[in-house]
Every structure is written in structure tokens, then in C-alpha cells.
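# Observations on the three-dimensional arrangement
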Amino acid sequence: MLTVNINGKDYESAQDKKLLPFLRDDLGLTAAKDGCSEGACGTCTVLVDGVKTKACVVSLSRLAGKKVLTVEGIAPEEMAVYEHCFAEAGAVQCGFCIPGMVLSAKSLLDVNLNPTRADVKQAIKGNLCRCTGYKKIEDAILMAAEFFREKKAIPAPPASLKMDRRAQRIDAKEKVNGTGIFADDIRIVGMLYAKAVYSKYPRARIDRIDVSRAAAHPDCVKVLTKADVPCNKIGHIKQDWDVMMGEGDITRYVGNVLALVATDKKEKLEEIAALVEVDYTELTPVTTPFDALKGDAPLIHEDGNVMSRANLVRGDADAAIRNSKYVVTRKYKTSWQEHGFMEPECCVALPEGEDGLLVYTTSQSIYDVQRECAQALGLPRGKVHCRAPLVGGGFGGKEDMTVQPYAALMAWVTKRPVKVKYSRQESLDYHVKRHPMEMEFTTACDENGILTGMKGVIIADTGAYASLGGPVLHRACTHAAGPYNYQNIDIFGMSVYTNNVVSGAFRGFGVTQSCFATGMNINLLAEMAGIDPWEFRRRNAIKPGDVLPNGQTADPNTNMTACLDALKEVYYAHPYAGIACGFKNSGTGMGKKDVGRVLLSVEQGKVHIRTSASCMGQGIGQMTLTEICHVTGLDPALFVFENADTVRTPDSGTSTASRQTVVTGEAARRAGEKLAQALEGGRTVEDLEGQEFYGEYSVQTDPLGAVKENPISHVSYSYGAQVIILSEEGRITKAVSAFDVGTPVNIQSVEGQIEGGMVMGIGYGVTEKFECVDGRPKSRFGTIGFMRAPEAPELEVILCRPKEGDELPYSLGAKGCGELCMIPTAPACAHAYYRLDGRFRQSLPLEGTPYRKK
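Residues numbered from 1 in each chain as written. Predicted model: local features only at pLDDT ≥ 70, side-chain atom pairs only at ≥ 80, totals over all residues. Heavy atoms only, no water.

Under the defined criterion, the tally for this structure stands at zero disulfides. No disulfide involves cysteine 97; its sulfur sits 3.9 Å from that of cysteine 129, the nearest cysteine. Note on cysteine 97: relative accessible area 4%, which makes it buried. Cysteine cysteine 581 is unpaired, with the sulfur of cysteine 515 as its nearest cysteine sulfur at 8.1 Å. (Disulfide = S-S within 2.5 Å. Buried < 20%, exposed > 50% of the residue type's maximum accessible area, 1.4 Å probe, protein only.)

This part takes up the nonpolar core. Judged by nonpolar contacts, the single largest core of 224 residues is most densely connected at Phe86 and Ile137. Ignoring any residue separated from it by four or fewer positions in sequence, one finds phenylalanine 86 in contact with Ala91, Val92, Ile98, Met101, Val102, Ile137, Ala140, Ile141 and Val176. Ranked by size, the runner-up nonpolar core spans 21 residues in total, among them Val598, Val607, Leu679 and Val685. (Core = buried A, V, L, I, M, F, W, Y, C linked by side-chain atoms within 4.5 Å. Contact = heavy atoms within 4.5 Å.)

With that settled, consider the sheet that holds strand β23 (residues 595–603). One open sheet accounts for four strands, arranged β25-β24-β23-β26; its pairing is mixed. Edge positions in the sheet fall to β25 (639–641) and β26 (692–698), since each of these pairs with one other strand and no more. The sheet shows a mean angle of 20° between the axes of neighbouring strands, taken without regard to direction. Two strands pair when backbone bridges link them, and β23 and β26 are joined in this way by seven bridges, in the antiparallel orientation. (Pairing = 2+ DSSP bridges. Helix = DSSP H or I, 4+ residues; strand = E, 2+ residues; numbered from the N terminus. Axes fitted to C-alpha atoms, helices over the stretch in contact; angles between N-to-C directions.)

This part takes up empty space enclosed by the protein. Regions of empty space are outlined by a rolling probe, equal in size to a water molecule, passed over the atoms. Counted by the stated rule, this structure contains nine cavities of 30 Å³ or more. The space that makes up the largest cavity amounts to roughly 590 Å³. Around the largest cavity, the lining comprises 39 residues; the ones closest to its centre are Gln618, Ser658, Gln753, Cys817 and Gly818. Secondary-structure elements contributing two or more residues to the lining of the largest cavity are α18 (620–632), α19 (660–678) and α20 (747–767). For the lining of the largest cavity, a count of residues per class yields 14 nonpolar, 20 polar and five charged. Taken together, 21 residues line the second largest cavity, and the ones lying closest to its centre are Trp241, Tyr253, Met401, Thr402 and Tyr406. Among the secondary structure elements, those contributing two or more residues to the lining of the second largest cavity are β10 (241–242) and α12 (404–414). (1 Å grid on protein atoms, 1.4 Å probe; cavity = no way out; pocket = protein on both sides within 12 Å on 5 of 7 lines; lining within 4 Å. Points joined across faces, edges and corners; volume = space filled by probe spheres on them. Nonpolar A, V, L, I, M, F, W, Y, C, P; charged D, E, K, R; others polar.)

Looking now at the side chain of threonine 767. With respect to the secondary-structure elements, threonine 767 resides in helix α20. We classify threonine 767 as buried; its relative accessible area is 8%. Only 2.8 Å separates the side chain of threonine 767 from the backbone oxygen of glycine 785, close enough to count as a polar contact. Those residues in contact with threonine 767, other than ones at most four positions away along the chain, are Ile762, Ile784, Gly785, Met787, Tyr851 and Arg852. (Polar contact = N/O pair within 3.5 Å; in protein donor to acceptor, adjacent residues only side chain to side chain.)

See below:
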């Protein structure tokens, strides 16, 4: 018997095991998270005799005579300081990494209450964060040191909340103290654990699947195969994704599921799954779009290997280019990128009522989960009830189904609660990535550096299934010419099936790729015209009333020139500074249905905010609360923000395309206006008990290729520019962003989103590489190249607000910023390295830097 002292109390274990499952499964102490199980991410950090320790790697037998401290064991008065400082600094986004960050902070502050920022960076070196870019977390720890050092009292919260202010997020405290519930934190009596058996090959004929040995295992409860799936095709947009594959099928990628095993002993899952026997005839995989387009290529799907096409033509690009003084044609190539959200995919499903299911899952839309699980099970949607716990990051990577159909299927068959969770390696190998693209762009300008026209061809590798490949291709094409004032455009794109890992939604949504190509061509044109790159961009920058290359007239709130002006001084002050511009739509647009919905209900003296809009860390709760408080003048303490629930919260669409701030924000404002009207005449919230106030906003846009002079592709665009500054050794020392995101809702949240996007963009451009060789993913979480705090450069964010009266007429003037923030980063990095060493780089991640040497 092993004895371990945890949070001042002795606990016994009959067997030696890792500390993390003992904390989470045996003791129910779930603040320590399982982000990787390999000691790479730091979400499981605890203190052992005051020393930072990864709970996923240390065994109980090594803890004899030692004292373990988890977040749950921090004294309440001490925790209150961390809660306040992390919330006040804006350090909390998705929150999955935060308990580990708090304990790393405590390990420092227990011995040093006068730390430098460098000290703080070193203290959290072992803790990854994909949301914040670390700056706000560092600020929070420095603030906590000041509070402890000077014994400062925690101030009372303000009784009002307005737009464009600094305010603590409504969801911050539970994420700091570890009481917030993520999907993997859910424990239900009698719960089964299920695991999928995946294809050994990216492309092979399945000759035999024998589950008899697995089914005979004494701890196996059930084995399911394709024959047990009522409807085997699902998909986010195009229903082409196989729930399972069976004998006679040809696999499309290594993520194809061949069987599903379940047990009530989690530690036996791997053993049982390994007993499923599969015989294959291995086939040569199709691993590039160009191979897939060959005349003798095998069909990956019956309807052909070209998944989607897009074509944007405005004016006469050929004539404009032919008559231009300067013309540049170059080819560019970008690779996959791993989202790296800190929370691996997880789902818990259980029977509800006589013939229904209740599903708890991490996702970017519970209504998408409801639709696809119901489809797979052949059930009416109303029979699948979905609830959202906290979501530990998404960045687009949690739009598609991963574990949800399998938890739902096993729960439906066994009539028992079931949990399915990806290991970190399964998440890396099987969930979607950023689309690799190969591009040929021709860009032209006149003798004064005024852009005249561009042509482009984009070939995207969408992998084995469609996912969001169609819309991603559309965005890549419609944004390819950049935020500039010229109208002779001819862009053609194809998204092609291969046997590679599936490509899907990822922050930037295709625009990151095409922006890189255009930014690089512009640098060459500027050189040819003898105009410096900042001035070249300033001459061509879109202004209110100008027409964007996609034909849409720029709104009065367009502020691209202000962004460039804000960066002029810092760009000219550094010889190795690179600059790039970008823009990004808000909303799905392109004539698609796009509706935001918010329902306010007064219950027991509180106003409940009810919307299905998924918060993956971006702050949906705070955004809706701010919009409503701004128009009602009510104390934010009167509000409760409910987690998304298909029974309680109206469908507000997927959290994608930077849409929620504009679309759901406007719905919240409209609901708030109705509440404000009901409060007129001196009435209080208590007087409105039982009443409901509904807000809805439906965006009206035009489809791609609409036959009109100035189509409205999207309800709004955000604009921005970035400068990346290098040292003489080629290290990135500072990144400065100037962004037009309209009227900020919450200043800490906007800055934090942008800072996190900048660091993620540096990763995409310079430090990260996800490898897939011959259809087989080859990367591990700890070696992809995610930036850690000591490597992250100094970050500065400049918000270029619209002039009074020019604001977007929706959502109190707020525009999306979650994707724009990383779009200009990679081309700005490439430009900086070009100025440093004269090498013109045409692929991402950039080669020949101190971060990625061959």
C-alpha cells in the first residue's frame, strides 16, 4: 500500500500509478489537466515539496514522504489574489492551461516576490499556452507578486460595464481556481470507456476484421463495427466522412475507424483494442494534390478527386498585367499546421429518458454535434440533447466531429454512460489541420507603385475528407489580392482529395496562405519600383468608399490606412523589420444563412444569458454580457451566462469565421434593448421575473460570383498590419500589431486574442512544423515547435478605432479579431528575414532561420 500526502491529507493506493490519474480518477481532483500525458504541455503541473512537477510523469512510489499541492489545496485568501490578478490582466482565455500556470507562478512567488519578467518567463517555461501569447499571463503573475508583496486588498468589482473598457471576464475565476468543468472532468457512476481501432495504412483494402479475441477479453463490455452504425456517412458540410469502415472498403487515411471497443476499466482499453485483428492489402497512397489530379489516379471518393473549385474574376486581369510597368510571378508553398489546442478532444454520452441521448462534449457548436450524432444514429435531432462544458481551445480544429459519434454510438447500444477521449497523439494524427496550399501568383503595378492587377492559381490539399475545404478555398481566393484598392483580378482555386490527414478549419481559414503569397509579391514589386515596402502598401491601402478586389465597397469603418500609419515609426526605426498587411471577413457570408440568437430570461432575480455560441476561449460570455450591459446600464453581477445547451440555448451557429462578435453580439444587443425597454418606468429586474427577451440577427450577403457591380460578400471586414523585428542573429525580438477591429468589446480580451494570434502566426511562419510523410503523420506534441514563454518576443498591440459616426452599425461597432491577428504574421516574418540576409523564401515554415535550420 502506497501513502501520498496531497493538499495536507494522506491518501492510500493499492497500486503504483502515475500521479495524474490518481488525482483525477481516484480522488476527483480535476484541476490538474491531462493535456498530453508525456510531460510536454504542463497542464498537469503540481508542486511537490514546493517544486514544479508534471503529474503525468511522476509515479506515486516516488512521492513517499513528500507533500503534493494541487490548485485545490491553495488557501482561499491566496487563491483570491490569483483569481483577481489573472482576471484583471486578461490572462484567462480557454483556461485549460491556467491551473498549471498558477502553480508554476506559486513556485516562483513563494521564494521571490520581486521577480523580473524574465524570471516569470522562466518559471512558466514548462507550461504551454496556445491562446494568450504568454504576455497577459506574465502580467498576471507580476501583478500577483505586487499584491502579495504590498499586501494589497482586492478591489470590489465595478457596478457597470461598457464597451471599450477593461473588465474581468465573467468566466475567469472558475478557470483560475480549477472548479470549471471540461468534458474530461465529467465522472458518472457506471461509466464505460471506449476507444477506436484505426487503420494501419492511409490507403489499403480491408480484407478481414476479426473482433472475437477482443470481445472475449474478460474486461470487454462491447465491440462495435461498421455493421452497428445506422447511418455511416456524416460531415460538417458535405456528408462524405465514414463513421466506420468494414471488410471490402478501401481506407482513405490513417484516421479511419475500423472498430470500437468499450470497457469499464480504463486501464484495459489499449489491451482490448490491440486484440482486434485486421488483414489488409496495402495500396499506394495518393499523397499530393498533383498526383490526385493525374489521369490514372485512383478515386479517393466516388464523385472524383476534386473536392471543390472557386473562381473569382473582376475586370480584365490579363490586359491590366500586360499593360503594367512591373510584373512579378512567383510560386509559393505552405504546409500543414497543427492547432495545438491544450485540451484533447473528449466526449461523454449517456442515455436520457426512454429513447434519447445526452451528450457532453468539447466542440465549436453543440448544434453541429447534435445534427451529426443524430444523423449517424438515424435519430430525430430532438432525441440528441447536447450540452457544452468548458472548451479548452479550438482555433477551428473542433468544428468537425472526432470522438462524438463514437461516444454516442456506444452509449446508444449499451444504454450506459460512455467516455471517448483522444490521447494527444491520436489528436495529432487524426484531427484536421491547416490546408497545405501551392500557389502561383502574378501581381502587377504601374511606375508609381499603384497595383493594377493580379492572377492566381491555388491548389489546396484537403486530405481524405471535405471537412471545411470548400469555404476555406473560397476565403483563400476572395482575400488573395489583399486589402488593397485594385479591381483586375482572376483567381482560380481547387481543393483536392488525397490520402493525407484531413485539412479543415484553422484560424485564418485559407487567408493566411494566400496573404503570404501576395505579401511576398508586393515586396518584390516595391523593390522593382524603387519604393519602400511601407510606402508601397500605404499608397495602395483600401480606404472607405474604395472597392476591394472582390468587388465589395469598403465601409466607412474601414481603417487600413490608420493601421499602417500606426506602424510607420517602428518599421523605419529597425533595419531588420518586416511588414505585412491583412484583412479578414466576419461572418460566413457568401450568401449563406448566418443567424445569431440570444435569449434573456429573468429567473430568481438574475438575468440568464442564453445562446449556443461556443466559447473556446475567445470570451463569448463577456462579449454578450458587455453588449447587454452597455444598452441596459445594469450591474453585471445581475447576470448569469449559461453554457450552451440544445434544450436551453437558441442556435447561434458555429463559432467560426470570426462571426460571433458581430452576429451574436448584435443579437445580444437587440435582446438587451428589449430588456432595457421593459425596465423603463423605474421597474427592476425583480419586477420582470419569468419574462424572456429574444434577440436575433440575420446577415444578408451575396454569393460568390453574384452578377452585380458591388456584391456584399461579408457583413464586415477587419483590417490590420504587423511588423516583425529581428536581431542581427535572426531572433524575433518584437512583434507589433496595429489592427482595426472596430470598437473593442473588452480591451484585455481583444489584446489577448491578438497577442496569442501573433505568437501562433510566428509559429506558422517560423518555428512549427507538422510532418505527414506518405500519408502518415510523424509529429509529436513536444517537438512540433510551439513557442514557449522564454522564446516569445515582446508583443505590442495598437487598436485603431473608427472615428465617431463611422462605426459598424451592428454589435455596437465591434468586429471580429480572432483570425485576423495571425494572418499578416508569416509574411511579415519572411520580409524581415529577406531584409536581414537577402534570401527570398517562398515556402512556410521559413527555412534557414535560427529556429529551423536544416
